[in-house]
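# Observations on chain architecture
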Amino acid sequence: MNIAEYTAGFDEESGYLDHAAFGPVQTAVLEEQRVLGTIQERMRFGAMETLDEQDARVRTVAARLVGRREDQVVSQTATTPGLLHTAFGLTGGVLVAADEYPSLPLALASAASATGGRVQPVVVESGAGWMTPSLVRERLTDDVTAVAVSLVDWQTGYLADLAAIREVIGDRLLVVDAIQGFGVVDAPYEVADVVATGGQKWLHAGWGTGFVAFSDRALNRLRPALSGPHGTTGWPTEVPSVKPGAAGYQMTRVDPVAQARMAVSLERLVSVGVGAVQERVADRVERVLDIADEFGLSVESSRDPRERAGIVVLRPPQGRLTALSAALHNHGVTATTRLGVARVSVFASTTDATLDMFRDACLSYATMQ
């Protein structure tokens, strides 16, 4: 599949520039949902086997994308459950930034509270800057056993250098919240010990989809603490025990229709290649940057292609965000505006027409008094 064929499978309205909040569901994903929904509706002979197959299907393709074995991957309903399973299984100090999306710091805080301090968040204070390898190195102590980072910062779009962070932290566990980059960044996921992601953003698979992948090092050091019936074995003939490998990190069965949606999205991604998607996204980002520069909008995201993915954060002068928001709204452009900035997030499916609408909005904003 080439990039043109891939992008033809998306049908969002022109003006949509909010993929970092929600990725409009792919046409093929919706068709798979219809097919699996019909199977659930009829439940003909053999239907349950088809539904059961979706778990292995999604794990197979997910494992390929993160460089892991199938037994090292487990389905989740979103990124957060995967991070919670990980947090409750950790021991020792965990370096994490206060400015991370709440899923990471909240998971670690909950684990610290529930385990009586077995898990100890080592928090990088708000405003310290991006989680660069140098910042991570500065904050490491002998008590830190793991480092938790986002692949892409949700507020600025900064792309973490996972390979360099791995070199800095040595044998410590590297936990990655990949939700804001998975699908648009050809990252070295194999250097991470835990990769958790969901499918509702850049994978365009809809809510209720996700997975978490573990390295053997992580599986040897973590201790499953939230395993439910689907993460255990032995019942009803004996006392349940936690399943080996990644399978132990689940509480209940994931909706097989959601798994099918996720599988289709990942299969299409493998078919086109993450690199091709990343290249197309980079081109769209450059267009956004050019428009921002044309109208004097300050860019808070990195301009270095090695440090960005699909997010561009713009900061208008103080008191002017309302004007920018109004201009975007009036021209039919969907983006996230909050805390004094506008977050514009493009995808491979972002058309020239959409970028033209964005430029028209910026022109309108620039002429407002």
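Cut-offs and rules
Residues numbered from 1 in each chain as written. Predicted model: local features only at pLDDT ≥ 70, side-chain atom pairs only at ≥ 80, totals over all residues. Heavy atoms only, no water. Helix = DSSP H or I, 4+ residues; strand = E, 2+ residues; numbered from the N terminus. Buried < 20%, exposed > 50% of the residue type's maximum accessible area, 1.4 Å probe, protein only. Polar contact = N/O pair within 3.5 Å; in protein donor to acceptor, adjacent residues only side chain to side chain. Pairing = 2+ DSSP bridges. Contact = heavy atoms within 4.5 Å. Axes fitted to C-alpha atoms, helices over the stretch in contact; angles between N-to-C directions. UniProt positions renumbered as here; feature names shortened; annotations may be inferred. Salt bridge = Lys/Arg side-chain N within 4 Å of Asp/Glu carboxyl O.

### Description of the side chain of Q26
Its place among the elements puts Q26 in the loop between helix 1 (3-7) and helix 2 (27-42). Accessibility expressed as a relative area gives 0% for Q26, which makes it buried. A distance of 3.3 Å separates the side chain of Q26 from the side chain of S265, its partner in a polar contact.

### Description of the sheet that holds strand 13 (residues 341-345)
In space, the 4 strands of this open sheet follow the order 10-11-13-12, with antiparallel pairing throughout. A single partner strand is all that each edge strand has here, and the edge strands are strand 10 (298-299) and strand 12 (336-338). In the sheet, strand 11 (residues 311-315) pairs with strand 13 via 4 bridges, with the strands oriented antiparallel. Looking at the pairing, V312 lines up with V344 of strand 13. Along the sheet face, helix 10 (residues 274-294) touches strand 10, strand 11 and strand 13 and points at about 10 degrees away from the line of strand 11.

### Some remarks on the UniProt feature "domain: Aminotransferase class V" (unreviewed entry) in the protein
Mapped onto the present numbering, the UniProt feature "domain: Aminotransferase class V" (unreviewed entry) falls on residues 81-229. The span residues 81-229 is 28% helix and 23% strand, and its two end C-alpha atoms sit 16 Å from each other.

### Some remarks on the pattern of salt bridges
As enumerated under the stated definition, the model contains 21 salt bridges in all. Salt-bridge contacts for E31 lead to R34; the nearest nitrogen and oxygen are separated by 2.8 Å. Placement of the pair is E31 and R34 together in helix 2, with a separation of 3 residues, close to one helical turn. The partly exposed category is assigned to E31, whose relative accessible area is 39%. The shortest N-O distance in the salt bridge between D304 and R306 comes to 2.8 Å. Members of the salt-bridge network, linked through shared partners, are R166, D171, D193, R217 and R221.

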